[in-house]
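Structural features, examined
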Amino acid sequence: MKYVPFGKLGFEVSRYGLGCMRLPLELQPDGSTSTEAIDEKHAIAMIRHAADSGVNYFDTAHGYHGGNSKIVLGKALSDGYRERVLVASKLPPWNVKTADDFERILDEHLVALRTDHIDFWLLHSMNRESWEKLLNLGILEHLDAMVAKGKIRFPAFSFHDDLDVFKEILDAYDWKMCQIQYNLLDIDHQAGRAGLKYAAGKGVPVVVMEPLKGGRLAGNVPQYVLDRWATAQTQRSPQEWAFRWLADQPEVTVVLSGASNMDQLKDSLEIFQTAEVDALSDAERRLVDEVRRLYQSRTRVDCTACDYCLPCPAGVAIPRIFALINEGSMYENWAEVQKRYAKLVDEGNGAKQCVACGNCEAVCPQSLEIIKDLKMAHQALVP
Ligand SMILES: NC(=O)c1ccc[n+]([C@@H]2O[C@H](COP(=O)([O-])OP(=O)(O)OC[C@H]3O[C@@H](n4cnc5c(N)ncnc54)[C@H](OP(=O)(O)O)[C@@H]3O)[C@@H](O)[C@H]2O)c1
Ligand code: SF4
Ligand code: SF4
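Positions within a chain are numbered from 1, following the residues in the order the chain's sequence is written. Here chains are named by letter from A upward and ligands by number from 1 upward, in the order in which they appear as written. Given that this is a predicted model, residues contribute local features only at a pLDDT of at least 70 and side-chain atom pairs are listed and counted only at 80 or more, while totals for whole chains, interfaces and linings are drawn from all residues.

Our next topic: helix H3 (residues 100–112). Look at H3: 19 Å from first C-alpha to last across 13 residues, which is about the 18 Å you get at 1.5 Å a residue. Where H3 is concerned, the buried positions are Phe102, His109 and Ala112. In a view along the axis of H3, the buried residues occupy a sector of 105°, so they form one face of it. Facing away from the buried surface of H3 by more than 90 degrees, the exposed residues are Asp100, Arg104, Asp107 and Val111. Throughout, a residue-residue contact means that the two C-beta atoms, derived from backbone geometry, are no farther apart than 7 Å. Helix numbers and strand numbers start at the N terminus; a helix is a DSSP run of H or I with at least 4 residues, a strand a run of E with at least 2. Packing partners of the buried residues in H3 comprise helix H2 (68–76), strand E5 (86–91), strand E6 (118–126) and helix H5 (139–149). Positive backbone phi, at 55°, marks Arg114, one or two positions downstream of H3. To estimate the expected span of a helix, count its residues, drop one, and scale the result by 1.5 Å. Burial is judged by counting other C-beta atoms within 10 Å of a residue's own C-beta: 20 or more means buried, 12 or fewer means exposed, and anything between counts as partly exposed, with every C-beta placed from the backbone. What the arc measures is the spread of directions leading from the helix axis to the C-beta atoms.

Take the pairing of strand E7 (residues 152–159) next. Each regular strand displays side chains that alternate between the two surfaces of the sheet. In terms of burial, E7 is a largely internal element, seven of the eight residues being buried. Crossovers are marked right-handed if the path from the first strand over the helix to the second runs clockwise, as seen with the strands pointing away from the viewer. Where the polypeptide runs from E7 across helix H6 (residues 163–171) and back to strand E8 (residues 177–181), its parallel neighbour, the crossover connection is right-handed.

Here eight strands make up a closed barrel; going around it, the order is E3-E4-E5-E6-E7-E8-E9-E10 and the pairing parallel. Across the sheet, the axes of successive neighbouring strands diverge by a mean angle of 30°, strand direction being ignored. In this description, strands pair whenever DSSP reports at least two bridges between them. Relative to E6, E5 is paired through four bridges, and the arrangement is parallel. Within E6, the residue paired with Ala88 across the bridge is Phe120. Fitted lines through C-alpha atoms serve as axes, helices being fitted only where they are in contact, and the angles separating the N-to-C directions of these axes extend from 0 to 180 degrees.

Our focus in this paragraph is the site of ligand 3. We count a residue as near a molecule or strand when its backbone-placed C-beta atom lies within 6 Å of that partner. Around ligand 3 lies a shell of 13 residues, among which Cys303, Cys306, Cys309, Pro319 and Cys364 are the nearest. Each residue receives one of three labels: charged for Asp, Glu, Lys and Arg, nonpolar for Ala, Val, Leu, Ile, Met, Phe, Trp, Tyr, Cys and Pro, and polar for the others, Gly being one of them. Split by residue class, the shell around ligand 3 holds ten nonpolar, two polar and one charged.

What follows concerns the environment of Gly348. Mapped onto the fold, Gly348 is located in the loop between helix H13 (334–346) and helix H14 (359–363). Once residues lying within four places of it in the same chain are set aside, the contact partners of Gly348 are Gly315 and Gln353.

Glancing now at the environment of Asp248. Topologically, Asp248 is positioned in the loop between helix H9 (238–247) and strand E10 (252–258). When the 18 C-beta atoms within 10 Å are taken as the criterion, Asp248 is described as partly exposed. Separated by 32 residues in the primary sequence, Asp248 and Leu280 have C-alpha atoms spaced 6.3 Å apart. Not counting the four nearest positions on each side in its chain, Asp248 is found in contact with Val277, Asp278, Ala279 and Leu280.

Taken together, 28 residues sit near ligand 1, with Gly19, Ser158, Gly215, Ser257 and Gly258 positioned nearest. Going through the elements one at a time, E6, E10 and helix H10 (262–271) are the ones with two or more residues in the shell around ligand 1.

As a further point, take unusual backbone geometry. Where the residue is not glycine, phi is negative for most of them; where a peptide bond is considered, it is trans in most cases. Cis peptide bonds are those with omega within 30 degrees of zero, and the linkage from Leu310 to Pro311 qualifies with -5°. By the secondary structure assignment, Pro311 is in the loop between helix H11 (282–297) and helix H12 (318–331).

Every buried residue of H2 is accounted for by Ser69, Lys70, Val72, Leu73 and Ala76. Relative to the axis of H2, the buried residues are bounded by an arc of 165° and lie together on one face. Elements in contact with the buried residues of H2: helix H1 (40–52), strand E4 (57–59), E5 and H3.

In structure tokens:
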């Protein structure tokens, strides 16, 4: 396992961190699975295997696996593991009504995680709205107080909004870490590469989440992408490219990835035994750029999900439908996106609801032909 200094905090961290949001699930008698029912034995074996292999960063949150992720992580880290690793968990702003909830939620985590302190306590999934809500309730004073009490070591936040909001939050406090979505496709999405560099420039370590885009950049990668990876001089799996591209960047401190089974975990651990900063050749970096452009060339509708067209008077979920058609086209995971579209239709938000009033087209900053594109999307999204 490769390690890097965790900013200026005075310790080293494994380059690979294990995210506990996609732990293996127990098979139910009817063959189905539920995200709440973790296969505990398998998950505990994976967490301990990761720790025994040198991983010292583990991430969970209140809501993962319906609240059970933190409990399983707590069990896995008993028997002496807790002392060897860093634990990150998160304050869910959607569960906060008053300032009294801050410490109550933190205390619940301490019990679930079987520990007397949490190393990284993140404000979960910050966006403008949740940030302002927590700020008005006095979150920054609360974080200082919890550090003073020893319940948390390092205040941090995870982020899902635009770059300007990211900079605003980053500038507002002495954060010890931030967590952003970043992968070889999402370089201009949310905080993106500009946010990564901004944080690193201020000396705030960055933990990257969704490095495989939740699994879409590995596993069932479409043939048109595999063919391009195959042109490389050194042959690597798609996940190895995605991980090495991140590890190559000095601004990325931890690559936080989930694993759905032991084989995936072992595969990822092997990659991080040798993945290093500044290790890709220029030709390899260019190849990653080519693969990104190849994926992007499959975009069917240039919707930026700005939501200006919402609400549609007929209830059409315009940007969600365009996201589905683009996803199907890029990742060729048609069966999955068709299933999700069927759910939208059932809820009365499908493209067929459109009455062609034209309101959306009048306000769309991308000047999209929304009515025509919705018809095209509906055809592709119905099997
Ligand atoms: N703070 C936030 O707002 C927030 C949001 C999202 C995530 N997170 C945290 O960040 C962590 C990382 O995000 P993520 O779980 O989405 O990471 P990810 O690495 O993008 O996706 C993990 C998924 O990729 C696939 N995978 C992983 N390793 C693989 C391998 N070696 N070979 C083939 N496939 C592999 C598996 O999916 P399949 O088996 O399904 O193919 C796995 O479940 C989460 O676990 C969570 O702790 C935080
Ligand atoms: S044109 Fe169709 S999709 Fe657009 S606002 Fe009107 S009903 Fe909604
Ligand atoms: S206004 Fe246009 S770009 Fe914005 S979400 Fe609607 S369709 Fe997409």
